Amino acid sequence: MATAKKKTARGRKQDRARVARGQKYEVGYESKKTGRSASAAKKAVKKVGNSRKRVEKRLGR
């Protein structure tokens, strides 16, 4: 019998520092947070990469 994988916070911080362009809820979160459209958020991720800091800076937050 396999043991259950232990759930830890390891890696969560790195994950929160990124925006997954293909994930509708992540793009929606950024667009709502910055007051811009979802397509603008997607374009920002494509232009500056998936770093949350750079995306928010690009969207003018």
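Here the structure is shown first, and the text comes after it.
Notes on the structure follow. On a predicted model such as this, the values are computed, not experimentally measured, just so you know.

1. Topic: the pattern of salt bridges
Then step 1. This structure, assessed with the given rule, holds three salt bridges.
Then step 2. Linking Glu-26 and Arg-52 is a salt bridge whose minimum nitrogen-to-oxygen distance equals 3.6 Å. Taken together, the residues Glu-26 in helix 2 (residues 24-34) and Arg-52 in helix 4 (residues 52-58) connect sequence positions 26 residues apart. Arg-52 matches Glu-26 in its accessibility class, with the two residues each being buried.
Then step 3. Of the charged contacts, one joins Arg-52 and Glu-30 as a salt bridge, the two residues approaching to 2.5 Å between their closest N and O atoms. With Arg-52 in helix 4 and Glu-30 in helix 2, this residue pair connects regions lying 22 residues apart in the sequence.
Then step 4. The exposure class of Arg-52 is buried, given its relative accessible area of 9%.

2. Focus: helix 2
Then step 1. The complete set of buried residues in helix 2 reads Glu-26, Val-27, Glu-30, Ser-31 and Thr-34. The arc enclosing the buried residues of helix 2, seen along the axis, measures out at 130°, which places them on a common side. Looking at helix 2, the residues exposed on the side facing more than 90 degrees away from the buried face are Lys-24, Tyr-25 and Lys-32.
Then step 2. Against the buried residues of helix 2 lie helix 1 (12-16), helix 3 (38-48) and helix 4.
Then step 3. Gly-35 lies just past helix 2 and shows a positive phi near 75°.

Parameters and conventions
- Residues numbered from 1 in each chain as written.
- Predicted model: local features only at pLDDT ≥ 70, side-chain atom pairs only at ≥ 80, totals over all residues.
- Heavy atoms only, no water.
- Salt bridge = Lys/Arg side-chain N within 4 Å of Asp/Glu carboxyl O.
- Helix = DSSP H or I, 4+ residues; strand = E, 2+ residues; numbered from the N terminus.
- Buried < 20%, exposed > 50% of the residue type's maximum accessible area, 1.4 Å probe, protein only.
- Arc of directions from axis to C-beta.
- Contact = heavy atoms within 4.5 Å.

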